[in-house]
Amino acid sequence: MDWTQIDIEINCADIELGSSIAHMVVPYGIYIEDYSDLEELAPQIAHIDLIDEELLKKDRTKAVIHLYIPEDQHPHEAVVFLTDRLQAAGIEFAVGCSSIAEEDWAFGWKKYYHPLPIGDHLVVCPSWENYDKKPGEVVVTLDPGMAFGTGTHSTTKLCLELMQPVVKPGSTVLDIGCGSGILAVSALLCGADSALLCDIDATAVKVARENAALNGVEDRCQFIQGDLAAAVDQQYDLFFANIVADIIIRLLPDVRGHLKPGGRFIASGIVDVRRDEVLASVAQNGLEVEQMAEDGGWVALLCRAR
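Residues numbered from 1 in each chain as written. Predicted model: local features only at pLDDT ≥ 70, side-chain atom pairs only at ≥ 80, totals over all residues. Heavy atoms only, no water.

Okay, the pairing of strand β2 (residues 30–34) next. Along β2, the buried face is formed by Y31 and E33; none of I30, I32 and D34, which line the opposite face, is buried. Across 5 bridges, β2 lies against strand β3 (residues 62–70) in antiparallel orientation. Residue pairing across strands places Y31 opposite H66, the latter belonging to β3. (Buried < 20%, exposed > 50% of the residue type's maximum accessible area, 1.4 Å probe, protein only. Helix = DSSP H or I, 4+ residues; strand = E, 2+ residues; numbered from the N terminus. Pairing = 2+ DSSP bridges.)

For the rest of this paragraph, the subject is the environment of Q235. For Q235, the location among the structural elements is in the loop between β10 (221–225) and β11 (236–242). Through-space distance from the C-alpha of Q235 to that of R256 is 8.7 Å; in sequence the pair is 21 residues apart. Excluding residues within four positions of it along the chain, Q235 makes contact with T172, R256, G257, H258, L259 and K260. Of note is the side chain of Q235, whose polar atom sits 3.5 Å from the backbone oxygen of G257. (Contact = heavy atoms within 4.5 Å. Polar contact = N/O pair within 3.5 Å; in protein donor to acceptor, adjacent residues only side chain to side chain.)

The subject of this paragraph is the packing of helix α1 (residues 15–23) against helix α4 (residues 75–88). Viewed as axis vectors pointing N to C, α1 and α4 meet at an angle of 145°, and their least axial separation amounts to 10 Å. Where α1 crosses over α4, the two elements pack in a sense that is right-handed. In this structure, α1 contributes G18, I21 and A22 to the contact, and α4 contributes F81, L82, R85 and L86. A class-by-class count of the residues in the contact of α1 with α4 yields 5 nonpolar, 1 polar and 1 charged. (Axes fitted to C-alpha atoms, helices over the stretch in contact; angles between N-to-C directions. Left-handed = near helix turned anticlockwise from the far one by under 90°. Nonpolar A, V, L, I, M, F, W, Y, C, P; charged D, E, K, R; others polar.)

This part takes up the packing of aromatic side chains. In total, this model carries 1 aromatic pair according to the counting rule given. A centroid spacing of 5.0 Å and a plane angle of 80° characterise the contact between F239 and F265, whose relative ring orientation is edge-to-face. With a gap of 26 residues between them, F239 in strand β11 and F265 in strand β12 (residues 259–271) connect regions that are remote in the sequence. Taking the relative accessible area as the measure of exposure, F239 reaches 0% and is therefore buried. Of the residues examined, F265 reaches a relative accessible area of 0% and is grouped as buried. (Phe/Tyr/Trp six-rings, centres within 6.5 Å; stacked < 30°, edge-to-face > 60°.)

This part covers the pattern of salt bridges. Enumeration according to the criterion identifies 10 salt bridges in this entry. Between E218 and R209 there is a salt bridge whose closest N-O contact spans 4.0 Å. The class of R209 is partly exposed, set by a relative accessible area of 38%. A salt bridge links D237 to K260; its shortest N-O distance comes to 3.7 Å. With D237 in strand β11 and K260 in strand β12, this pair connects stretches of sequence that are 23 residues apart. Ionic contacts of the salt-bridge type, sharing partners, join the residues D246, R274 and E277 into one network. (Salt bridge = Lys/Arg side-chain N within 4 Å of Asp/Glu carboxyl O.)

This part covers helix α8 (residues 202–214). Across its 13 residues, α8 extends 18 Å between first and last C-alpha, which sits within 8% of the 18 Å expected from 1.5 Å per residue. Buried-residue contacts for α8 involve β7 (138–142), α7 (182–189), β9 (194–199) and β10. Near the N-terminus of α8, the side chain that reaches the backbone nitrogen of T203, with its oxygen 3.0 Å away, is that of D201. Remark: G216 follows α8 within two positions and exhibits a positive phi of approximately 75°. (Expected span 1.5 Å × (residues − 1).)

Our next topic: the sheet that holds β12. In spatial order, the strands read β10-β9-β8-β11-β12-β14-β13; together these 7 strands make up an open sheet with mixed pairing. Both outer strands of the open sheet, β10 and β13 (287–295), are each paired with one neighbouring strand and no more. Neighbouring strand axes in the sheet, compared pairwise and without regard to direction, differ in orientation by 15° on average. Where helix α6 (residues 154–163) meets the sheet, its contacts fall on β11, β12, β13 and β14 (298–305), and the angle it forms with β14 comes to roughly 35°. Running at roughly 170° to β10, α8 makes contact with β9 and β10 of the sheet.

This is the structure in structure tokens:
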């Protein structure tokens, strides 16, 4: 199957708002080229002293958001939507489109994905990179394939940051909409005892299982393909739902029934304009917000049963 690649060039100053608008079109298949802080960050990420001269020639004032949409999902409509929203936001932009084979879409982005420190002691490292683990670090080895969740997107990053202080030795974990499995696998490596991972997408379940095996925690995981928590009949210490606002609101009436006393619910994938709506639903369903985190137009919540 062929895909359409949509490239949006915008000013680096507008990258947070621009990427939030792009994620309204698709929550997956996006990467961002932003070279504004190349010289500062490249040595930290790649552990190098020299930067390729071709990269140094890149325009530091411009960023490019790349989106990938299957041909049968009307990419031209996505272009119209993006154009309208970017214009309404007052963002200067240029849009280009091209066709790309699925193999190139699935694997070409790997050159942009490097070891990523998140929170106090977690590092997400792609499986094709080598990383020298430092004392006290927990390294999650990941190959997301065609499932969502690399740690680079704000929604996943916020979940991992909220998770680290609350996961305890022996904790049980429920991950609904698990994608690549990054959240549950990270929780297990940070001390949790077992996890149930569920996704409606068979590809995501397959990738999550592979990533659990890659990190040596597959024997502590169960995997279910299904819609939300319909097939779940137990209670857990930690419940992840990194999805979207509408699905989180739909899920919230069932959350307390799946939490042990003192258990936590971490919800992410909430666009900031939907924050108040989700907060109202949280309160209506017997949960209180212990912490709220925001990044790049996205909101994540750490909640506890009242």
